Amino acid sequence: MDILETLRTLIADSGFAGFFVEEGYKNLIMILISFLLLYLGIVKKFEPLLLVGIAFGCLLVNVSNFFSGGVSSPDALYHPELWDAFLDHDSEFYHSYGNIMANGGLLDILYIGVKSGLYPSLIFLGVGAMTDFGPLLANPKSLLLGAAAQMGVFLAFFGAVCLGFTGEESASIGIIGGADGPTAIFLTTRLAPHLLGPIAIAAYSYMALIPMIQPPLMKLLTTEKERQVVMEQNRTVSKTEKIIFPIVVAVFVILLLPSTAPLIGCLMLGNLWKECGVTERLSDTVQNALMNIVTVFLGISVGATTVASRFLSLETLKIVCLGLIAFCFSTVGGLLVGKLMYKLSGGKINPLIGSAGVSAVPMAARVSQIEGQKANPKNFLLMHAMGPNVAGVIGSAIAAGFLLAVFK
Amino acid sequence: MNITDAGITAIFGYMVVFAGLLILMIVISVMGAYFKSKEKTTVKSVEPVQKKPSPNKIPKLKKVNKPVARGSAGHVKLYDVSDKEAAMIMAIVADTMQKPINELHFISIREVK
């Protein structure tokens, strides 16, 4: 055995040597970015359940994969070229999961759940089981606030087209404004899978930053008098209404936009399990065990898409900027319709609940509550804001369904 | 996709979201109105039964104007405490004790000055 030769081979094969080959330095930058994301998730608690997984997936993929001539390292955990072949109509491996299973790494196999839309739908199952639609049923007008707060989705879509993105890419970028991570992942994997990494990271980062993004806009667009409005207590919603609601929404929304079936169907099934009172075990499982398992797989496999050679580009920077614009305009849309409702109701509706229409349950509703209480310590807006908040989930799913119907 | 098409798609998409949720709002409002009217008729038919309580409880019911919720152990006496503050205190106590609020019986809440 030639020890020196073996040592030389080991050094040449190591990731450390990879930093000095072709664009290997980009991997180093991505590793630093993953450290930053880990810091934000662990120390700053920015959506830690997902961001820690995404950051670690980012770290794993960039320490294990150094490209040479456009081909992944043999021991890579994620192989983007396999997924390129999977999406290439002319390739013999077009839509071949068998090729991925046979030649992919661990993260390739986990990523199948993202690509097939399985994880986002299962997350929606859990979200449905955790959501109380009572505030929305008590005040159906909340749905209009949820609709208004999708303004950022379509403005960012338009902005992305102006910046040179294709229609599919623009739709995926726009949906960041829906402030709904699973919806953004679902739509992006269908329309622009190559942008999944930056879009998912932008969506979850901005969702975590809602307490910083929204309050200045809320103060800018509302007067002190408007923010002080104390809303009347909502009526009590009967159990029967809560049971019928998911069935009605599933039937109605899916008939309207069949492409929303995976998301709305799972959301409403989860909610029906929660409300019907005879499936407590299932409701408990999807809220806790299943939700946690899917979160593990989703986070790490989304992180895996942040391959240095593709992530570090001008496009990513544009996506981050457009995502912020989408978030801001979604907040503005909700607030403007909130103000309109304030006028039409003769000052009975506090416009601050409009900003909660951006989905991001329940953080956006909490921001409305905090800002309302700052203006008037006797103000309790949380339950009023939960209505637009859960309406935003349905609204963003409809927006995604529309974009999917147009571009698929 | 050109900018004009993108603009039209954006406006149309926003309108579709609004229309979808507007129709859903109407459906839910109709559903809510039906259940509210049903609730009122149920309350009316239940009222005569409530007017015939057991002799032991008559004095307590006479003192209180507000109706008592189903399964409730009666009204909590509040001294210098608003309804909202009382609700918060009860929720905090239930959370601290890790017990469902409907399993606790609050007799009175008094502000300590």
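Residues numbered from 1 in each chain as written. Chains lettered and ligands numbered in written order. Predicted model: local features only at pLDDT ≥ 70, side-chain atom pairs only at ≥ 80, totals over all residues. Heavy atoms only, no water.

Asker: Would you mind showing me how to read the packing of aromatic side chains here?
Answerer: The geometry of an aromatic ring pair is captured by the separation of the ring centres together with the interplanar angle, meaning the angle of the planes. Residue and element names in this part refer to chain A. Scanning the model with the defined rule gives 13 aromatic pairs over all chains in all. On the numbers, 4.9 Å between centres and 45 degrees between planes, the contact of Phe-133 with Phe-245 is tilted. In this pair, Phe-133 is assigned in the loop between helix H8 (118-130) and helix H9 (134-138) and Phe-245 in helix H17 (residues 239-256), connecting sequence segments 112 residues apart. Between Phe-154 and Phe-402 the ring centres are 6.2 Å apart and the planes differ by 65 degrees, which places this aromatic pair in the edge-to-face class. Taken together, the residues Phe-154 in helix H11 (residues 151-162) and Phe-402 in helix H23 (residues 382-407) connect sequence positions 248 residues apart. (Phe/Tyr/Trp six-rings, centres within 6.5 Å; stacked < 30°, edge-to-face > 60°. Helix = DSSP H or I, 4+ residues; strand = E, 2+ residues; numbered from the N terminus.)

Asker: I tried to follow the pattern of salt bridges on my own but got confused; where do I start?
Answerer: Pairing is possible between side chains that carry opposite charge, provided their charged atoms lie close to one another. All names here are of chain A. Overall, the coordinates contain 10 salt bridges over all chains when judged by the stated rule. For Asp-132, the salt bridge goes to Lys-242, with nearest N and O atoms at 3.3 Å. On the criterion of sequence distance, the pair formed by Asp-132 in the loop between H8 and H9 and Lys-242 in helix H17 is long-range, its members being 110 residues apart. Its relative accessible area of 18% is what places Lys-242 among the buried residues. A single salt-bridge network, built from bridges that share partners, covers Lys-219, Glu-371 and Lys-374. (Salt bridge = Lys/Arg side-chain N within 4 Å of Asp/Glu carboxyl O. Buried < 20%, exposed > 50% of the residue type's maximum accessible area, 1.4 Å probe, protein only.)

Asker: How should the environment of Thr-331 of chain A be read in this particular structure?
Answerer: Among the structural elements, Thr-331 of chain A can be located in helix H21 (residues 314-344). In this structure Thr-331 of chain A touches Gln-214, Leu-217, Ser-355 and Val-358 of chain A, once residues within four positions along its chain are discounted. (Contact = heavy atoms within 4.5 Å.)

Asker: For this particular structure, what's the right way to read the interface of chain B and chain A?
Answerer: As a measure of interface size, the accessible area lost when the parts come together is often cited. Facing the 29 residues of chain B at the interface are 41 residues of chain A. Summed over both partners, the interface of chain B with chain A buries about 2900 Å², with 87% contributed by carbon and sulfur atoms. Run the count over chain B and chain A and you get one residue pair in polar contact (both at pLDDT 80 or more). Take the side of chain B that touches chain A: its biggest share by element is 25 residues, from helix H1 (residues 3-50) of chain B. (Buried area = accessible area lost by both parts, 1.4 Å probe. Polar contact = N/O pair within 3.5 Å; in protein donor to acceptor, adjacent residues only side chain to side chain.)

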